[in-house]
Amino acid sequence: MTGKTKKISFLIDRNEFKLIEESCLFGASAERNLKRAVKEADKYRIEFSYRELDDLAGYIAHCANHEESEYKQRKWYKLQDKVEGLLIPPDTKNEVDLLNSLLPALATDLRYYVFDVWIESGRARPMEEKILRRIQIADTQSLYNFAKVITRAFGFFFDHCFGFYDNFQKYHDSKKSYELFPDIGEEPLRPTTKGVKKTKICQAFKNVGEKMLFLYDYGDGWRFVVELKEIKYAEKRDLRPVILESIGTAPIQYPPCEEEFRDDEDLVN
């Protein structure tokens, strides 16, 4: 990584190249990066800025979640894991390397929180099956990073404000609440509400069995139930989140409106 803008350079094979090309059809902005790819033996070296790669990861997660072919979906998930692994903040990566080299005995001090996260069914969007993701994440990660992992696990874009609340019926009356608003200089729903960027997961969730409402996008009002199922010590210090289980196909975040359906029908007729 050189220059003012940090760059991430890595190798991809031909199949991964094609997947990234396909993600561009769904909105990913990686065409320029692909054109600049350099052939090395049977692979390609490709380069992204941190922000570009972070954006690409979101599109890959979206493609993976909505892929109908199980075989191809596994390829998407494999590419997603690869890209997400490259997105570990450099400062964090250096800290982990230092701890592992100087204090190897402390590697097991890292705790993983295992959550069940599912979309809450309601009158607005009734669901025939439970749509759930089991997520393992380091307890030292921020609620902001946790929110990013949740949305991407369901194939959503991470492009809206959100909050975590302990009152499912009237979230604005929650005794414990965390929102993005304080972090971006906006007024929170309640004066006692804390931000999400400086709040660690272990500060918001203390005991197994605790549940919170994760409200994403206050306009569309996507409601996720977040339940802490297990706390365990890590065998090695790895801060990357992992999707342990995926049940059900997530709904489309931005479904076509009725006018678009009518336009498509007119084209067919």
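Residues numbered from 1 in each chain as written. Predicted model: local features only at pLDDT ≥ 70, side-chain atom pairs only at ≥ 80, totals over all residues. Heavy atoms only, no water.

Visitor: Just to check I follow, could you spell out the sheet that holds strand S9 (residues 211–216) for this structure?
Guide: Sheet strands line up and pair through hydrogen bonds in the backbone, either parallel or antiparallel. The eight strands are arranged S8-S7-S6-S9-S10-S4-S5-S11 in an open sheet whose pairing can be described as mixed. The sheet terminates laterally at strand S8 (194–195) and strand S11 (242–247), the two strands that pair on one side only. Relative to strand S5 (residues 132–138), strand S4 (residues 111–119) runs antiparallel, the two sharing seven bridges. Residue pairing for S5: Tyr112 is matched across the bridge by Ala138. (Pairing = 2+ DSSP bridges. Helix = DSSP H or I, 4+ residues; strand = E, 2+ residues; numbered from the N terminus.)

Visitor: Sorry, what's going on with the pattern of salt bridges here?
Guide: When the charged atoms of two side chains lie near each other, side chains of opposite charge can form a pair. Considering all chains together, one arrives at twelve salt bridges under this definition. Linking Lys82 and Glu16 is a salt bridge whose minimum nitrogen-to-oxygen distance equals 3.1 Å. Of this pair, Lys82 sits in helix H4 (residues 70–86) while Glu16 sits in helix H1 (residues 14–25), and the two are 66 residues apart along the sequence. By relative accessible area, which is 29% here, Lys82 ends up partly exposed. Across the pair Lys176 and Glu210 runs a salt bridge, and its minimum N-O distance is 3.7 Å. Residue Lys176 is located in the loop between strand S6 (162–165) and strand S7 (177–179), and its partner Glu210 is located in the loop between helix H7 (201–204) and S9; the two are separated by 34 residues in the primary sequence. Relative accessible area serves as the criterion here: at 26%, Lys176 is assigned to the partly exposed category. Each of the salt bridges in this network shares a partner with another, and the network as a whole consists of Asp54, Glu84, Lys148 and Arg152. (Salt bridge = Lys/Arg side-chain N within 4 Å of Asp/Glu carboxyl O. Buried < 20%, exposed > 50% of the residue type's maximum accessible area, 1.4 Å probe, protein only.)

Visitor: Teacher, can you tell me more about the sheet that holds strand S2 (residues 38–40) here?
Guide: An order of S1-S3-S2 is seen for the three strands of this open sheet, with the pairing classed as antiparallel. The strands lining the two open edges of the sheet, one partner per strand, are strand S1 (7–12) and S2. Neighbour to neighbour, the strand axes of the sheet diverge by 30 degrees on average, direction disregarded. With six bridges connecting them, S1 and strand S3 (residues 43–49) associate as antiparallel partners. Looking at S3, one finds that Ile12 is bridged to Tyr44. (Axes fitted to C-alpha atoms, helices over the stretch in contact; angles between N-to-C directions.)

Coordinates in, geometry out; function isn't part of it.
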